[in-house]
Every structure is written in C-alpha cells, then in structure tokens.
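Close look at the chain arrangement
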Amino acid sequence: MIKPEDAEFHFKPDSHWQWVETIALSFHVPGTTVSGIVYVLTRPMLGVCMVDVTIHDRITDLWEEQIYIDNQQHLPCPKSLLDFSLPNGLSIKASDPTRRYEVRYEGIDDTSFDLDCVAIHEPYDLNDPDMDPLAAARHGPAWDTSWSGHYDVTYRIKGRLTVRGKQYEVDCVDTGDRSWGPRPERDNSSVIWWHASFGESLTAHLFVAHDLARTNDYGKLVSGYVLEDGKTYGMTECRGTQEYRKAVPMGGELEIVDVRGKKFAMSYSALNACYWAPYPSNTYLQSYMRVNCEGRTGYGVQQIGLSRAYLTRNRDAIRARC
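Predicted, not measured: the structure shown is a model, and the values here were computed from it. (Residues numbered from 1 in each chain as written. Predicted model: local features only at pLDDT ≥ 70, side-chain atom pairs only at ≥ 80, totals over all residues. Heavy atoms only, no water.)

1. Thoughts on empty space enclosed by the protein
So the rule is basically this: Buried and open spaces are told apart on a 1 Å grid over the protein atoms alone, a cavity being a set of points where a 1.4 Å probe fits but cannot get out and a pocket being an open set with protein on both sides within 12 Å along at least five of seven lines. Residues with an atom within 4 Å of a point are the lining residues. Grid points are joined across faces, edges and corners, and a volume is the space filled by probe spheres set on the points. Each helix is a run of DSSP H or I of at least 4 residues and each strand a run of E of at least 2, with the numbering of both proceeding from the N terminus. Throughout, the ten residues Ala, Val, Leu, Ile, Met, Phe, Trp, Tyr, Cys and Pro are labelled nonpolar, Asp, Glu, Lys and Arg are labelled charged, and all others, Gly among them, are labelled polar.
Per the counting criterion, the structure on display carries one cavity of 30 Å³ or more. The computed volume of the largest cavity comes to approximately 220 Å³. When contributions to the lining of the largest cavity are tallied by element, the ones reaching two or more residues are β1 (19-28), β2 (35-43), β11 (166-182), β12 (191-197) and β19 (296-307). Counting residues per element, the lining of the largest cavity draws most heavily on β19, which supplies three residues. Partitioning the lining of the largest cavity into residue classes produces 11 nonpolar, five polar and two charged.

2. A look at the side chain of S287
What counts is decided by this rule: Here a polar contact is recorded for every N or O atom pair within 3.5 Å, except that within protein the pair must consist of a potential hydrogen donor and a potential acceptor, and residues adjacent in sequence are included only if both atoms are side-chain atoms. Residue contacts are defined here by distance: any two heavy atoms, one from each residue, within 4.5 Å place the two residues in contact.
Note on placement: S287 falls in strand β18 (residues 282-293). Looking at S287, its side chain comes within polar contact range of the main-chain oxygen of P249, at 2.6 Å. In this structure, S287 is in contact with V248, P249, A270, N272, A273, G300, V301 and Q302, ignoring residues within four places of it in sequence.

3. A look at the environment of V103
Quick reminder of the rule: Here's how the labels work: a residue is buried when its accessible area is under 20% of the maximum for its type, exposed when over 50%, partly exposed in between, all with a 1.4 Å probe on protein chains only.
With respect to the helices, strands and loops of the structure, V103 is situated in strand β7 (residues 100-106). Residue classification places V103 among the buried residues on the basis of a relative accessible area of 2%. Here the alpha-carbon distance between V103 and G240, two residues 137 residues apart in the chain, equals 34 Å. When neighbours within four sequence positions are excluded, V103 is seen to be in contact with L25, L90, S91, I92, F113, D114, L115 and C117.

4. Considering the packing of aromatic side chains
Counted only if it meets this: Aromatic pairs are defined between Phe, Tyr and Trp rings, using the six-membered ring for Trp, whenever the two ring centres lie within 6.5 Å; interplanar angles under 30 degrees are classed as stacked, those over 60 as edge-to-face, and all others as tilted. Criterion for a charge above a ring: Lys NZ or Arg CZ within 6 Å of the ring centre, and within 35 degrees of the ring normal.
Per the stated rule, a full pass over the model turns up 12 aromatic pairs. Aromatic side chains Y124 and Y225 sit 4.8 Å apart centroid to centroid with 45° between the ring planes, which places their arrangement in the tilted category. Pair noted here: Y124 is in strand β9 (residues 124-125) and Y225 is in strand β14 (residues 221-228), with a separation of 101 residues, a long-range link. Just as Y124 is buried, Y225 falls in that class too. Counting every residue linked through ring pairs, the aromatic cluster contains F27, Y68, Y105 and F113. When the ring centre of Y233 is taken as reference, the NZ or CZ atom of R260 above it lies at 3.7 Å.

Function cannot be read off these values alone, since they describe shape.
What follows is the structure, encoded as structure tokens:
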C-alpha cells in the first residue's frame, strides 16, 4: 500500500551506491501532435540527479529532431522530493503527496510550462498483492531492483505550455509514476510501459516484457490496471502485437482482461515517436498514440525500455526485422 510518505525519498545511509529514485510525469495537448515528459532521476547516494524535459511533436528517427529537449545529466540532487527547484529551471511541489504535483519550468528558447497534476484515483502499487493480482506470484520486484518500490498514478493535468513562443492550453488525462531502488546502468531487462486514457472515465495502463529482436508480439504481463469510473481493477491478462519503424513502435493492437473478467480491445497508431535516451545506458523507444477502444478515442504514451547492451547484442536481428 502506498502512503503519502512514499512521495519522499526512501534511501538510508547504508543504501547501495546505485540507489535511484524517480519521478516521471507525461502530458499532452489534445487535438495536436504535441506531448511532453518530465523525468527526474536522482542518485541520492552520489548527490546528483538527471533531469530530462522533452517535448515531442513528430515522428522522426532522432531525438534531437523533436521540438524541444533539455537533458542535463549532472545536477545537484534535491534534499527532498516533496518540494524542490533545480538549476535547469524545473520546480516540482508535491502539494498533496502521491496525489498532486505542481510542476513549473522556465527553460530556454522561450519555452516554459506551469502544470497542475491531480490524481483521479489512489496510487497503484504494483508490488502490493492486495492491489495487483500478479504481485503474489513474483519473487522479487516487478522489473529489476530499480522497482523495489513503484507506483503509478493517472492524473488530470491542467495548465499552460509555451514551446518556442507558441502557447498551448493543457487539459488532459495522462499517467506518471514514482520508483525507487538500486538501478544498475547495464543490461536492464526489456519492458513496455503503455497507457491510454479516454477522459476520466477509462484508463488502461500496463507493463509487459518484450523481446523486440525476436517478435512483434507482447511478452508476459508484468503489471497493469484498468481505471474505470473512478475504480481501479488489476489486470490479469494482456495480448498484443505492434509494427515498427526502425525499432520505434508505430501502431498495434491489444486485448486486456482485468480481475472482473472484463475485456477491452484496443488498436492504436503513433502521432509522434522517436528514440529517447534520458540516461545514456538505456534508450526508450517512445510513441504518443491515438487509441481506439471499441469506438472510443483516447490518447497515451508507450515507452519500450531497452538497454544499449541488448540493442548492440541483437543489432543484426533487429535490423532484419524492423
């Protein structure tokens, strides 16, 4: 069970030197191809953090062809994750810990945003067997030790965004997460982080394993939930497949089943996409998607987390397939 104090740091004086705590918040501008992500990865035992602010607007091979990037690898680690400001112009305040973030950013090139992210459900703890029906069968964390603690939250996000002088109103439903634990930066296992929201009434969020070098099909379901009409239901089954453009996901189909036995069939296509590498050892093949669920239209993000060790080990197989 996630408690308000889980919005704060969890490390101890004797924690492993590779201990990491993250905040990830994604948002989008409905009716456009514009989406953004704020990603804070702290290494408190080393006293440093990485912060990435990327705003996507197109399908492209290269991260730097997106509309805006501010990625900084070595900023001072905040003293608290509840209320902090960093030298890159990012400020985050957990005004209602685990339930609400106020996010402000003053960047370069006439780019800034001011967003209010308010949870529309209780945080989903993928390591809690009372919440996640797959948690009891696991031996250890869901994805490497870096998810020793992890929760996901779907937010109503409102505010304003300015990108290179162009202004947008943000009013969307999107999903973010928090995680903590030792995180090695070599050969992490592969996983798809996927979510789509159809207003506040329906969200599907899931993690699945994926062996991109060998198949287009989703692998084993790691965790997931359906948020329907304010209630959260753990996911029990997931089947899916997708197509690629140079290993970047372009679209696909999936079917999910929750603990009620209720099935949801979805198809989706990318509105923007590229390789995204917030920290150097991993690349996240990211797509912002338009999603159809039985006649309803929604939007969301998927990221395929792949270590560069995996990509280079399987470079010929991936090139041949994609």
